[in-house]
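Each chain is listed here by its residues.
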Amino acid sequence: QLQLVESGGGLVQPGGSLRLSCAASGSFVSINVGDWYRQAPGKQRELVAAITSGGSTNYADSVKGRFTISRDNAKNTVYLQMNNLEPEDTAVYYCHVWISRIYGGSADYWGQGTQVTVSS
């Protein structure tokens, strides 16, 4: 079983920055793909950024140039650095990972979500 613990959300003014962290613990071989999704009130959950085991990244158009996803394989942690935040970035942010199981195969897990509020 794997646990994901998210941290780093909060209230920030427009133009500010936050860094989200998603730490994985438990029995697994490695994180293959790490994603960050977000869901604003009344909207569908959307993919914000993704990073592969090789370090390739992908971003939603709305966050390109402002957000950076990264990972620390030694710490089994995925990060989302968010700069120049806008009120439209307000949402619950969810970490999502695909992992390789110890006894073969893969599985995906979701974090509990962390609130990001951008407001003056």
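Predicted model only: the values in this text are computed from it and were never measured.

1. Regarding the state of the cysteines
Phase 1 of the analysis: Scanning the entire structure with this criterion turns up one disulfide.
Phase 2 of the analysis: Covalent S-S linkage joins C22 and C95, the inter-sulfur distance amounting to 2.0 Å. Taking the sign of the torsion about the S-S bond as the criterion, the disulfide between C22 and C95, at about -80 degrees, is left-handed. Of this pair, C22 sits in strand β3 (residues 18–26) while C95 sits in strand β9 (residues 91–100), placing them 73 residues apart in sequence.
Phase 3 of the analysis: With relative accessibility at 1%, the residue C22 sits in the buried group.

2. Brief notes about the pairing of strand β4 (residues 30–39)
Phase 1 of the analysis: Two strands pair when backbone bridges link them, and β4 and β9 are joined in this way by nine bridges, in the antiparallel orientation. Across the sheet, residue V33 finds its bridge partner in β9, namely W98.
Phase 2 of the analysis: As paired strands, β4 and strand β5 (residues 46–51) are joined by five bridges and run antiparallel to one another. Across the sheet, residue R38 finds its bridge partner in β5, namely E46.
Phase 3 of the analysis: Counted along the chain from β4 to the antiparallel partner β5, the turn is six residues long, and its residue G42 has a positive phi close to 80 degrees.

3. Concerning the pattern of salt bridges
Phase 1 of the analysis: According to the stated counting rule, one finds five salt bridges in the structure shown.
Phase 2 of the analysis: The shortest N-O distance in the salt bridge between R66 and E86 comes to 3.9 Å. Within this pair, whereas R66 is found in the loop between β6 (57–59) and β7 (67–72), its partner E86 is found in the loop between β8 (77–82) and β9, the two being separated by 20 residues in sequence.
Phase 3 of the analysis: We classify R66 as buried; its relative accessible area is 9%.
Phase 4 of the analysis: The class for E86 is partly exposed, based on a relative accessible area of 30%.
Phase 5 of the analysis: Among the ionic contacts, a cluster of salt bridges with common partners joins R38, E46, R66, E86 and D89.

4. Quick look at the pairing of β8
Phase 1 of the analysis: Buried residues dominate β8, accounting for five of its six residues.
Phase 2 of the analysis: Two elements, β3 and β8, share six bridges in a ladder whose sense is antiparallel. In the strand pairing of β8, L18 is matched with M82.
Phase 3 of the analysis: Sheet analysis places β7 next to β8, joined by six bridges and oriented antiparallel.

5. Comments concerning the packing of aromatic side chains
A ring pair, where both rings are aromatic, is described by two values, the distance of the centres and the angle of the planes.
Phase 1 of the analysis: Scanning the entire structure with this criterion turns up one aromatic pair.
Phase 2 of the analysis: Looking at R45, its charged tip hangs above the ring of Y94, at a distance of 3.8 Å from the centre.

6. Considerations on the sheet that holds strand β1 (residues 2–7)
Phase 1 of the analysis: Taking strand neighbours across the sheet as the criterion, the four strands line up as β1-β3-β8-β7 in an open arrangement whose pairing is antiparallel. Two strands close off the open sheet at either side, each with one partner strand: β1 and β7. Ignoring which end each strand starts from, the neighbouring axes of this sheet average 15 degrees apart.

Thresholds applied
- Numbers given for residues are sequential positions, taken from 1 along each chain in its written order.
- Thresholds applied to this predicted model are a pLDDT of at least 70 for local features of residues and 80 or more for the giving and counting of side-chain atom pairs; totals over whole chains, interfaces and linings are not thresholded and use all residues.
- With hydrogens and water stripped out, all remaining heavy atoms of the structure feed into the side-chain values.
- Working definition: a disulfide is two cysteine sulfur atoms within 2.5 Å of each other.
- Secondary structure follows DSSP: runs of H or I at least 4 residues long count as helices, runs of E at least 2 residues long count as strands, and numbering of each begins at the N terminus.
- Each residue gets one of three labels from its accessible area relative to the maximum for its type: buried under 20%, exposed over 50%, partly exposed in between, using a 1.4 Å probe on protein chains only.
- The pairing criterion is simple: DSSP has to find at least two bridges between the two strands.
- Take a side-chain nitrogen of Lys or Arg and a carboxyl oxygen of Asp or Glu: if they are within 4 Å of each other, that pair is a salt bridge.
- Any Phe, Tyr or Trp ring, taking Trp's six-membered ring, that has another such ring centre within 6.5 Å forms a pair; planes under 30 degrees apart are called stacked, those over 60 apart edge-to-face, and the others tilted.
- Whether a charge sits over a ring comes down to the Lys NZ or Arg CZ being within 6 Å of the ring centre and within 35 degrees of the ring normal.
- The axes used here are C-alpha line fits, helices contributing only the stretch in contact, and every angle between their N-to-C directions lies in the interval 0 to 180 degrees.

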